[in-house]
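A look at the structure
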There are 2 protein chains.
Amino acid sequence: MKESIVKDRILDTASRLFYDQGYHVTGINQIIDEADIARASLYNHFASKTDLLLAYLDRTHDLWFRELENTLAPLSTSRDKLLALFDFRIQRQRNSGYRGCHFNKITAEASEDEAVFQRVKVHKERFREFIRHLVKQTWHRHMLDDDALTDAIFLLLEGGIALGAMFRNSEDAEKAKRIVLSLL
Amino acid sequence: MKESIVKDRILDTASRLFYDQGYHVTGINQIIDEADIARASLYNHFASKTDLLLAYLDRTHDLWFRELENTLAPLSTSRDKLLALFDFRIQRQRNSGYRGCHFNKITAEASEDEAVFQRVKVHKERFREFIRHLVKQTWHRHMLDDDALTDAIFLLLEGGIALGAMFRNSEDAEKAKRIVLSLL
DNA sequence: GTCTATAAAATGATAGAC
DNA sequence: GTCTATCATTTTATAGAC
């Protein structure tokens, strides 16, 4: 359908601008301009700018976990998969200019909105459980118990990505990976 | 001087609103309204809204390290001081509604601005070196070398605070502290 | 130095033609 | 469903009186 193409183009453009520039600094004008669609077409597909934001978050969440699972699928051991979590996110940051986690970013801008807040929590909690699942499959004895190791990996990775946005590089995420390596 | 009082009130109000609501969502109108000053008074003391933002970042940076040093001063061992870093930041988050690190927040909104970007880097780098200095003073043997332990503490703490903003609690920062406890 | 009044531009959103 | 024209607000910033 032709309508889908327009809707996708709106969402693609908005997603890129929301992440690259920020949500509030991105105006409707710029979105319709860069997506090359009419003003009212946007409001035909999305009820409001907030609605567009929620669609962006939902799609980002879905794509994020799909890409993650595709990346880990070829790996055989859970240890390799845990280490690949870092490579996955470092690679994504490299490709998108080190602007950090989408959900950390939007928390800083629009977390007063309850619908946004809920989506952020769901995303991060799912990732935490994803890690926990992998940790429980590892056979080796660790110096930390399963829950502590899960928390450590999660915290080190989130800290590394957040600092990566503040320094515009992946050094801290790489350091986080090395620390996890010594904890496994 | 009377002028200083006005200037301080502008900066106090702007700082509160920038952190609580966000930078872009806070308009000049709201600042002059809540600070109860005239429109032109703001532009008499600050050249632009960006200038006000930079003043906010500079003052936050200065106050942050002064409070940190005051908090750690009564403690005798560097081990206690390292653990108190977590308490310091958890307490600050508790008192300010869990909106996370000021510098992480502004990175998400205005890191394209080179002057903002520089201040964020300086703040975080100074904190990293602050941690490193304490780590080097600890006498016990660690399972990680000094640099790795410094990175681990830094990453775990930053991760914990960032997640605290996303979940609006201090659970992850508390977990980070416990993990550091087992690493020391 | 502080004030009020105002400017020029951009904001999110809607009406109505096709 | 897509379009152009337009709405009422709000934005940052300035001019000029006191």
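That block above? That's the structure.
Quantities reported herein were computed from a predicted structural model and do not represent experimental measurements.

1. Regarding the interface of chain B and chain A
Listed as interface residues are 42 residues of chain B and, on the opposing side, 42 residues of chain A. Looking at the side of chain B facing chain A, the largest losses of area belong to L155(B), M166(B) and F167(B), adding up to 20% of the total buried there. Summed over the shared surface of chain B and chain A, the number is eight salt bridges. R168(A) is the salt-bridge partner of E112(B), the closest N and O atoms lying 3.4 Å from each other. Remark: the boundary between chain B and chain A carries seven residue pairs in polar contact (both at pLDDT 80 or more). Of all the secondary structure elements, the ones that give two or more residues to the side of chain B that touches chain A are α6 (102-110), α7 (114-137), α8 (146-167) and α9 (171-183) of chain B. When its residues are assigned to classes, the side of chain B that touches chain A shows 20 nonpolar, eight polar and 14 charged.

2. Observations regarding the relation of the copies chain B and chain A
Once turned by 180 degrees and shifted 0.0 Å along the axis, chain B lies on chain A with an RMSD of 0.0 Å. Seen this way, the second copy is the image of the first under a two-fold rotation axis. Relative to the rotation axis, the C-alpha of G159(B) is the closest in chain B, positioned 1.8 Å from it. With an isologous cut-off of 70% or more, the 100% of interface residues of chain B that recur at the interface of chain A puts this contact in the isologous class.

3. Considering helix α4 (residues 49-72) of chain A
An ideal rise of 1.5 Å per residue puts 34 Å on 24 residues; α4(A) measures up with 35 Å between its terminal C-alpha atoms. Of all the positions in α4(A), only K49(A), L52(A), L53(A), L54(A), Y56(A), L57(A), T60(A), H61(A), W64(A), F65(A), L68(A) and L72(A) are classed as buried.

4. Some thoughts on the side chain of T138(A)
Residue and element names in this part refer to chain A. Following the sequence through the fold, T138 ends up in the loop between α7 (114-137) and α8 (146-167). A residue is classified by how much of its surface remains accessible, and T138, at 15% relative accessible area, is buried. At 2.6 Å, the side chain of T138 forms a polar contact with the backbone oxygen of V135. Dropping the residues within four chain positions of it, T138 is found in contact with S78, R79 and L82.

5. As for the packing of α4(A) against helix α5 (residues 78-95) of chain A
Residues and elements named next belong to chain A. Viewed as axis vectors pointing N to C, α4 and α5 meet at an angle of 125 degrees, and their least axial separation amounts to 10 Å. Of the possible angle classes, the one that applies to α4 and α5 is oblique. Where α4 crosses over α5, the two elements pack in a sense that is right-handed. Listed contacts from α5 to W64, E67, L68, T71 and L72 of α4 are K81, A84, L85, F88, R89 and R92. Classifying every residue of the contact of α4 with α5 by side-chain character gives six nonpolar, one polar and four charged.

6. As for the protein's contact with DNA strand D
Near DNA strand D, the surroundings consist of 18 residues, among which A38(A), A40(A), I28(B), N29(B) and R39(B) are the closest. Among atoms of DNA strand D positioned within 4 Å of the protein, sugar and phosphate together represent 52%. A distance of 3.1 Å separates a phosphate oxygen of DNA strand D from a polar atom in the side chain of Y43(B). Counting only elements with at least two residues in the surface near DNA strand D, the list comes to α1 (2-20) and α3 (39-45) of chain A together with α2 (28-35) and α3 (39-45) of chain B. Take the surface near DNA strand D: its biggest share by element is five residues, from α3(A).

7. Some remarks on the packing of α4(A) against helix α6 (residues 102-110) of chain A
All names here are of chain A. Where α4 meets α6, the closest approach of the two axes is 11 Å, and the angle between their N-to-C directions is 160 degrees. By the angle class used here, α4 and α6 are roughly antiparallel. Seen from above, α4 lies across α6 with left-handed handedness. Two secondary-structure elements touch here, α4 through L53, Y56, L57, T60 and H61 and α6 through H102, F103, I106 and A110. Residue composition of the contact of α4 with α6, by class: six nonpolar, three polar and no charged.

8. Some details on the packing of aromatic side chains
Under the defined criterion, the tally for this structure stands at 14 aromatic pairs over all chains. Summarising the aromatic geometry, the rings of F65(B) and F130(B) are spaced 6.4 Å apart at their centres and angled 50 degrees between planes, so their arrangement reads as tilted. Of this pair, F65(B) sits in helix α4 (residues 49-72) while F130(B) sits in helix α7; the two residues are 65 residues apart in sequence, bridging distant segments of the chain. Following the ring pairs from residue to residue traces out a cluster consisting of W64(A), F65(A), F88(A), F127(A), F130(A) and F154(A). Note that R126(A) overlies the ring of F65(A), its terminal NZ or CZ placed 4.0 Å from the centroid.

9. Comments concerning α2(B)
Residues and elements named next belong to chain B. Among the residues of α2, those classed as buried are I28, I31, I32 and A35. Taken down its axis, α2 places every buried residue within 90 degrees of arc, on the same side. Taken from the residues just after α2, D36 is the one with a positive phi, measuring 60 degrees.

10. Things to note about the pattern of salt bridges
All names here are of chain A. Overall, the coordinates contain 34 salt bridges over all chains when judged by the stated rule. Of the charged contacts in the structure, one is a salt bridge between D12 and R59, with a shortest N-O distance of 2.8 Å. In this pair, D12 sits in helix α1 while R59 sits in helix α4, placing the two residues 47 residues apart along the sequence. According to the relative accessible area criterion, D12 is partly exposed, its value standing at 40%.

11. A few points about the protein's contact with DNA strand C
Near DNA strand C lie 18 residues; those nearest to it are I28(A), N29(A), R39(A), K49(A) and A40(B). The contact atoms of DNA strand C, taken as those within 4 Å of the protein, divide so that sugar and phosphate hold 57%. Residue A38(B) places a main-chain N or O atom 2.8 Å away from a phosphate oxygen belonging to DNA strand C. Counting residues per element, the surface near DNA strand C draws most heavily on α3(B), at five residues.

Calculation rules
- Residues numbered from 1 in each chain as written.
- Chains lettered and ligands numbered in written order.
- Predicted model: local features only at pLDDT ≥ 70, side-chain atom pairs only at ≥ 80, totals over all residues.
- Heavy atoms only, no water.
- Contact = heavy atoms within 4.5 Å.
- Buried area = accessible area lost by both parts, 1.4 Å probe.
- Salt bridge = Lys/Arg side-chain N within 4 Å of Asp/Glu carboxyl O.
- Polar contact = N/O pair within 3.5 Å; in protein donor to acceptor, adjacent residues only side chain to side chain.
- Helix = DSSP H or I, 4+ residues; strand = E, 2+ residues; numbered from the N terminus.
- Nonpolar A, V, L, I, M, F, W, Y, C, P; charged D, E, K, R; others polar.
- Least-squares fit on C-alpha atoms with pLDDT ≥ 70 in both.
- Expected span 1.5 Å × (residues − 1).
- Buried < 20%, exposed > 50% of the residue type's maximum accessible area, 1.4 Å probe, protein only.
- Axes fitted to C-alpha atoms, helices over the stretch in contact; angles between N-to-C directions.
- Parallel < 35°, antiparallel > 145°, perpendicular 65-115°, else oblique.
- Left-handed = near helix turned anticlockwise from the far one by under 90°.
- Near = heavy atom within 4 Å.
- Phe/Tyr/Trp six-rings, centres within 6.5 Å; stacked < 30°, edge-to-face > 60°.
- Lys NZ or Arg CZ within 6 Å of the ring centre and 35° of its normal.
- Arc of directions from axis to C-beta.

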